[in-house]
Amino acid sequence: MGHAVERIFLPVMKMQFPEIVDVSMPAEGIFHNLMIVAIRKSYPGHARKIMSGIWSLGQAMFTKVVVVVDHDVDVHNFREVVWKALCAIDPERDVQFVLGPADTLDHASRRPDFGSKMGVDATRKWAGEGFDRPWPDEIVMDASTKKRIDAMWSKLGLS
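Let's talk about the nonpolar core
Consideration 1: Core analysis: the largest hydrophobic core is formed by 17 residues, its most contacted members being Ile20, Val37, Ile50 and Ile54.
Consideration 2: Of all the elements in the fold, those that place two or more residues in this core are helix H1 (2–16), strand E1 (20–24), strand E2 (34–39), helix H2 (46–54) and strand E3 (65–70).
Consideration 3: Beyond its immediate stretch of four places on either side in the chain, Ile54 contacts Met13, Phe17, Met35, Val37, Ala60, Met61, Thr63 and Val66.
Consideration 4: Within the second largest apolar cluster, eleven residues are counted, among which are Ala38, Val81, Ala85 and Ala122.

Now the structure itself:
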């Protein structure tokens with residue numbers, strides 16, 4: 001049911017925030033406790049705008065953790081999300097905490113119906129966000145090399 005809610009509300013979220021590419025509300029986050037959002041970033045601070053926007057959308061206000069990633073991250077591939085997010089964040093710079101409404105069923109919040117939320121800007125940083133170093137290119141294996149390596153795994157007993 002949680003996945004159905006995610007898919008049903010994605011077009012509604014895109015109407016409000018057209019920069020949203022996709023969202024994932026994984027079962028591991030009990031659906032409403034974690035939302036991973038891919039956006040087409042257009043300006044400095046864009047990820048924080050999306051976090052605030054999600055916390056302003058009806059029942060989405062109960063989302064405990066919002067992680068915003070770049071448009072090219074597959075939000076349904078958790079290995080990719082973790083890899084890309086951890087390569088893009090400086091915790092002090094990119095994590096924000098806010099107080100607000102909490103789910104009545106949230107036993108972890110400090111008070112009934114009131115608690116904290118966390119937003120993570122896991123997008124590639126721009127100079128306008130205080131990042132003055134060049135962002136490294138991603139190393140991508142070409143198809144022929146990948147095919148050769150994949151063929152080796154079974155010969156090495158690693159398949």
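Observations regarding the side chain of Thr63
Consideration 1: In this structure, Thr63 sits in the loop between H2 and E3.
Consideration 2: A residue is classified by how much of its surface remains accessible, and Thr63, at 3% relative accessible area, is buried.
Consideration 3: Within the structure, the side chain of Thr63 is placed 2.9 Å from the backbone oxygen of Ala60, a separation counted as a polar contact.
Consideration 4: Beyond its immediate stretch of four places on either side in the chain, Thr63 contacts His32, Asn33, Leu34, Met35, Ile54, Trp55 and Lys117.

What about the sheet that holds E2?
Consideration 1: Ordered by their spatial adjacency, five strands build an open sheet running E1-E2-E3-E5-E4, and the pairing between neighbours is mixed. The open sheet terminates on both sides in strands that have one partner only, identified here as E1 and strand E4 (95–101). Put simply, the sheet's adjacent strands are angled 20° from each other on average, direction ignored.
Consideration 2: When E1 meets E2, the two strands line up antiparallel, connected through four bridges. When the bridges of E2 are listed, Asp22 appears paired with Ala38.

Thresholds, definitions, all that
Residues numbered from 1 in each chain as written. Predicted model: local features only at pLDDT ≥ 70, side-chain atom pairs only at ≥ 80, totals over all residues. Heavy atoms only, no water. Core = buried A, V, L, I, M, F, W, Y, C linked by side-chain atoms within 4.5 Å. Buried < 20%, exposed > 50% of the residue type's maximum accessible area, 1.4 Å probe, protein only. Helix = DSSP H or I, 4+ residues; strand = E, 2+ residues; numbered from the N terminus. Contact = heavy atoms within 4.5 Å. Polar contact = N/O pair within 3.5 Å; in protein donor to acceptor, adjacent residues only side chain to side chain. Pairing = 2+ DSSP bridges. Axes fitted to C-alpha atoms, helices over the stretch in contact; angles between N-to-C directions.

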